[in-house]
Amino acid sequence: MILDSHALIVCHAGEGLGLGHLSRCLVIARGLKQELGWTCTLLIQGSPVVKTGLESFEHVFVAPDADLLAACEKHLNKGTVKSPQVGSALILDLHPRLVPAGLAEFLVEQQDSVLRIAIDGLFSLHQHLDCLVVPSFQISASVKRLLEDCPPGKLLFRSEEHTSELQSRQYL
């Protein structure tokens, strides 16, 4: 366990979006807490919702029309996330229709501060991420083309079929 390790986990949830991203983020937060002893803050853009397990973690709801990147910056700068040497991560699980403009630049600014991890959907930004986790069982041909220049070790896939395919192409 790395002492003072912290993750800022950012997602969209709420009315019209559902709770899938939030549910997945809660699983990640629980795993980081139980397996690695990390603390986690969930930053949720959307109207406040009640979700079992959310009370176990510091969490903040950001209004749907608010600047999500400014909210991320605020939490990263208030000291909840430490320098990479003591363990820190920015984990993004964003709805594909709601990815904020300027995210690529924001990720570049954070490259020396935190591990930048995305869950699903931010394929076009893989060059600005330290890790892209794809929990889907099916990956479209267009996404595979987008990821062809992704360096080895950067992608994590859920399905064995895709893992084997990517290992053969030396992605994993």
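Shown above is the structure to which this text applies.
What counts and what doesn't
Residues numbered from 1 in each chain as written. Predicted model: local features only at pLDDT ≥ 70, side-chain atom pairs only at ≥ 80, totals over all residues. Heavy atoms only, no water. Helix = DSSP H or I, 4+ residues; strand = E, 2+ residues; numbered from the N terminus. Buried < 20%, exposed > 50% of the residue type's maximum accessible area, 1.4 Å probe, protein only. Areas by Shrake-Rupley, 256 points an atom, 1.4 Å probe, with all protein chains shown as cover. Disulfide = S-S within 2.5 Å. Pairing = 2+ DSSP bridges. Right-handed = clockwise from strand over helix to strand, strands pointing away. Salt bridge = Lys/Arg side-chain N within 4 Å of Asp/Glu carboxyl O. Contact = heavy atoms within 4.5 Å. Core = buried A, V, L, I, M, F, W, Y, C linked by side-chain atoms within 4.5 Å. Expected span 1.5 Å × (residues − 1). Arc of directions from axis to C-beta.

(A) Quick peek at the overall build of the protein chain. The helix and strand tally for the protein chain stands at 5 helices and 7 strands. Element order for the protein chain, N to C, with α for helix and β for strand: β-α-β-β-α-β-α-β-β-α-β-α. Considering the protein chain as a whole, with its 172 residues, one finds that 46% of them fall into the buried category. Here the protein chain displays about 8,900 Å² of accessible surface, and carbon together with sulfur accounts for 54% of that area.

(B) Geometry of the state of the cysteines. If you walk through the whole model with that rule in mind, you get 0 disulfides. Counting only cysteine sulfurs, C25 is the nearest neighbor of C40, a cysteine outside any disulfide, at a range of 10.0 Å. Taking relative accessible area as the criterion, C40 reaches 5% and is therefore assigned buried.

(C) A look at the pairing of strand 5 (residues 115–119). Among the 5 residues of strand 5, 4 are classified as buried, and the element is accordingly described as predominantly covered. In this sheet, strand 5 lies alongside strand 4 (residues 88–93) in parallel orientation, the contact comprising 4 bridges. The partner of I91 across the bridge, within strand 5, is I117. What joins strand 4 to strand 5 is helix 3 (residues 103–109), and the crossover it makes is right-handed. Where strand 5 lies against strand 6 (residues 131–134), 3 bridges are found, and the strand directions are parallel. Residue pairing across strands places I117 opposite C131, the latter belonging to strand 6.

(D) Fine view of the pattern of salt bridges. All told, the structure shown has 3 salt bridges when counted by the stated rule. Measuring nitrogen to oxygen at the nearest pair gives 3.2 Å for the salt bridge that ties D130 to R116. Here D130, found in the loop between strand 5 and strand 6, pairs with R116, found in strand 5; they are 14 residues apart in sequence, far enough to count as distant. Judged by relative accessible area, D130 falls into the partly exposed class, the value being 33%. Owing to a relative accessible area of 6%, R116 belongs among the buried residues under this scheme. Within this structure, R24, D93 and D120 form a network of salt bridges that share partners.

(E) Focus on the environment of I91. Secondary-structure assignment places I91 in strand 4. If we skip the residues at most four places from it in the chain, I91 touches A7, L8, I9, V10, I28, L32, I117 and I119.

(F) Quick peek at the nonpolar core. One finds V10, L43, L90, L92 and L103 to be the most contacted residues of the largest nonpolar core, which totals 24 residues. For this core, the elements supplying multiple residues, two or more each, are strand 1 (6–12), helix 2 (68–77), strand 4, helix 3 and strand 6. It is helix 2 that contributes the most residues to this core, 5 residues altogether. For L43, the contacting residues outside a window of four places in its chain are L8, I9, V10, C11, V60, V62, L68, A71, C72 and H75. Listed in part, the 20 residues of the second largest apolar core include L22, L32, L42 and I91.

(G) Region of interest: helix 1 (residues 20–36). The first and last C-alpha atoms of helix 1 sit 24 Å apart over 17 residues, in line with the 24 Å expected at 1.5 Å per residue. Of the residues making up helix 1, those classed as buried are H21, L22, C25, L26, A29 and L32. Along the axis of helix 1, the buried positions cluster into a sector of 135°, meaning they face one direction only. Among the exposed residues of helix 1, those pointing more than 90 degrees away from its buried face are V27, Q34 and E35. As for helix 1, its buried residues are in contact with strand 1, strand 2 (39–45) and strand 4. After helix 1 finishes, the residue G37 shows a positive phi value of roughly 75°.

Everything listed here is a matter of geometry and, on its own, says nothing about what the molecule does.
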